[in-house]
Structure formats: C-alpha cells, structure tokens
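# What the coordinates show
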Amino acid sequence: MKTENFSKRIQNEFKKAAARSNIAAALIAKLLTYDRSLEFDVLFKKSDGSAQTVKGYRVQHNNILGPYKGGLRYHPDVSMDEMKALSFLMTLKNAVIGVPFGGGKGGMAIDPKTLNEQELEELTRSFTRQLASYIGPEKDIPAPDVNTNSKIMAWIVDEYGKITGKQTSTVVTGKPIELGGSEGRLEATGYGGTYALLAILKLLKKKPENFTVAIQGFGNVGQYAAELLQQNGFKIVAISDSKGGIYVPEGISDIRALMKYKAEKGNLFDKRITGREIALEAILTLPVDIIIPAALEDVIHGSNARDIRADIILEMANSPMTHEADKILAGKGVMIIPDILANAGGVAVSYFEWHQNTRNEQWTKEEVFSKLKKKMELAANDVYQIHREKKVPLREAAYMLALERIQAKWLKK
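This write-up is about the structure you can find in this document. Since the model is a prediction, treat every value here as computed from it, not as a measurement. (Residues numbered from 1 in each chain as written. Predicted model: local features only at pLDDT ≥ 70, side-chain atom pairs only at ≥ 80, totals over all residues. Heavy atoms only, no water.)

## As for the overall build of the protein
When its secondary structure is counted, the protein shows 13 helices and 12 strands. In terms of overall dimensions, the protein is globule-like: its C-alpha atoms have a radius of gyration of 21 Å, near the 22 Å expected for 413 residues. C-alpha atoms of the protein, sized along the principal axes, occupy 55 × 55 × 40 Å. The buried share among the 413 residues of the protein stands at 59%. For the protein, the accessible area works out to roughly 17,300 Å², and carbon and sulfur atoms hold 48% of it. Within the protein, one finds 57 positive and 49 negative side-chain charges whose respective centroids are separated by 4 Å. (Helix = DSSP H or I, 4+ residues; strand = E, 2+ residues; numbered from the N terminus. Rg over C-alpha atoms; globule rule 2.2 N^0.38 Å. Buried < 20%, exposed > 50% of the residue type's maximum accessible area, 1.4 Å probe, protein only. Areas by Shrake-Rupley, 256 points an atom, 1.4 Å probe, with all protein chains shown as cover. Lys, Arg positive; Asp, Glu negative; His and termini not counted. Charge placed at Lys NZ, Arg CZ, Asp CG, Glu CD.)

Laid out in structure tokens, this is it:
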C-alpha cells in the first residue's frame, strides 16, 4: 500500500470494533500478533540459462477457526506489510461468512507478465519447495489471487506431492476441475458480492431495477458481478478496466457480449456500444446509485471521496478506500458494504472445494451457487442486524461479528 501503512490501518479498524465489543483482552492481544511471518529468497532458472532471485512471503495470521487460508499473489508491489494486512483481513473474512478457516496470505514480488510459461512454472515450483513444510490440507491451504490461477495451483499440487510424498490435491484450492477443483470457483467472488448486495437491498425494502451501477475493474471479479447484477435487474451504465472506461447512461444492454468482446479483443471499446469513453477515476464520480470498485486498493481517497455521488459502495476489491475516504463518505451518509463481506464469495467457494475434496464429492455448479447464495445472505443479514442494533457502519459491524465468532471458538479451546 502506497498511501498509508496497510497493516496499521486494518489494526486500527479492528481495535475500534473491539472497543465496542465484549471481547477478552487476551484474545484481542493474540489477534494483534501474527502466528508466523515467512520471507524467502526464491531462486529460479530463466530460459536463457541465467538465474533470478525474487522475494517470496507467506504470513499465517491466526488459526483459531481452522487451517490458515488465503491466496498467493504475484505482483511487483507484494510486500510483508501487505501480506500481514491481507492475512489479518482473511481471518476476519472467514469469520464473517462462517467458514472454519484462519487467515493467511502470500506471494512473490514479481511481475509474471515478464516471464514465459516455463519460467513461471520454474518460479512456482521453487516457491513451493520453500513453502512445503508450512502448508498442507490441515495446516495452511493457499489459493489463487492476483496474477495467479488454476494452472499455477496445479503446479503447486504436483511439486508438493514430489517433496512430501503425499499426493493430495487438497493442499490448495482454486485447482482445475480435473484435479478436484470446484465448479463455480471462477464466478465465486463476483457472484458472492452480488448476493450480499441483494440481501442488503432486500432488508432496505428496495428493488434492484431502481438502481444504476458503475463498476471499476472488469477482470474476473467485475465481469461476473456485472453478469449477475444484470440478470437481477440492475442497470449497469459504466465499466472500466486498466485501459479505460465506457459510460452508457441508458445502460449497457448485453454484459455477456461485452465479456466476450473483452476476452477476444483485450479491451472494452466495442463500437457496437453507443456510449462515451471516460477516464479511469471518472467512473467513481458518475451520477449513479451504486459504485463497485473491483480492481485496485486505495482508488477512493481523500481527494475524490467528496465527489462521489453514489449512495452505496460495494467493495469488491480488497481495501479499495483509504481511512480518510471512509470517514468522508460516512459523513455523507453513503452505505459502504465492506470488503470482508462483499468479496468473501471467493473464500466461501474455496471452502466448498476443500470440503468436497475431503469427502471425495463433486457438487454441480447449481449446488455451489445455491450454497454460496445462502452463505452470503446469512452473513449479510447478520452484519446488517449488528449495524442496526449498535448503530455502527457496516464495516464496523462486520468486524464486530467476526470478533464474536472468533471468541466463541476460542473460548471452547
């Protein structure tokens, strides 16, 4: 995080929620520490015969609820501070949606787009050799995250088996279907956020067809959120990706067609869509009812928060707004559906995958979506109830719910 210390921000939000809750001081102290923070020098061979070393990380925050769980990301900005903050968030996120996992996060500080496939595999296998003694189906279960995917998870499964002599696909989630991956994993985060939004609108007695939506980020999360939002009657008027944005005030008529165009052409600028191009940040300040930051951290900050006109923000990215922006928007009465609820669909289906693997089951996509919808609705209802009873923002309510659930398990140990 460039704008402020990420770990400090998350811990400050945690402390604020803890102060309002009847949580044991010993548990608060435990959650403000990390069980294990690992840093590696990961050496791998390049195609030209040379070698390169990159920094690799794995942070295991807390396992009161169960095995550590969290993604692996490959990105130049990966750092220990970021991994600590995200592992902390994973502990809370798992608690909010009621899955029996603790929080973990890891990654490597490299741009994978600079590597060919052979180099990427070499790098992943080298990283797995460093991680092997710290991960496992009942210990710590990585998953895809930024710039990682099912193919990378398959390499980890294979290398882990070679190192440990234990051929088990349950060491990671987000695998290819043929290796024990779950149906619905691709859509999980986008669909999960949409289910949470629909649940809260139902509590507010408001109908989807009365809302216009702008989505910043049209990768995997933004695309599937857009698809399900449109199916449920929302009018999507603006979408952006890293190359620019489009604004169609009357609504984009066919999201699936735009998804197909993006997959084929690599951008959003389909000439069949009558609209206008807009700058990346401009999408956040359009006259819409709901904005969905679904890409980067800290895109909503002190300099643009006052210009936001939406009444609801659905945080599909991890930590898409700074603490200053959060305060400004709360002062304006904007409802913020926080990341630890809104983007928890991914880890929910990761849990479903792990559950299927441990019981040798394979659920249909319809079963996965039905279970995901139920889990997200229950979590959204529980967060909203605390929000109403305690008169706190949804973010604080989500933290309070997480703390209650962690303490309940902690007291039983």
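## Considerations on the sheet that holds strand 5 (residues 140-144)
Strand order in this open sheet of five strands is 1-2-4-3-5, and the pairing throughout is mixed. The outermost strands of the open sheet, each flanked by one partner alone, are strand 1 (36-45) and strand 5. In this sheet, adjacent strand axes meet at a mean angle of 20° when their direction is disregarded. Where strand 2 (residues 51-62) lies against strand 4 (residues 102-108), six bridges are found, and the strand directions are antiparallel. Paired with Gly56 across the bridge in strand 4 is Met108. Sheet strands touched by helix 3 (residues 80-97): strand 1, strand 2, strand 3 (68-74) and strand 4. Its angle to strand 4, the strand with the most contacts, is close to 150°. Seen against the sheet, helix 4 (residues 117-131) touches strand 1, strand 2, strand 3 and strand 4 and runs at an angle of roughly 140° to strand 1. (Pairing = 2+ DSSP bridges. Axes fitted to C-alpha atoms, helices over the stretch in contact; angles between N-to-C directions. Contact = heavy atoms within 4.5 Å.)

## Side note on the packing of helix 6 (residues 188-203) against helix 12 (residues 365-390)
Interaxial distance between helix 6 and helix 12 falls to 8 Å at its minimum, and their mutual angle equals 45°. Looking at the two axes, helix 6 sits oblique to helix 12. Viewed along their axes, helix 6 and helix 12 form a crossing whose handedness is right-handed. The residues of helix 12 that touch helix 6, namely those facing Ala188, Tyr191, Gly192, Tyr195, Ala196, Ala199, Ile200 and Leu203, are Phe369, Leu372, Lys373, Met376, Glu377, Ala380, Asn381 and Tyr384. (Parallel < 35°, antiparallel > 145°, perpendicular 65-115°, else oblique. Left-handed = near helix turned anticlockwise from the far one by under 90°.)

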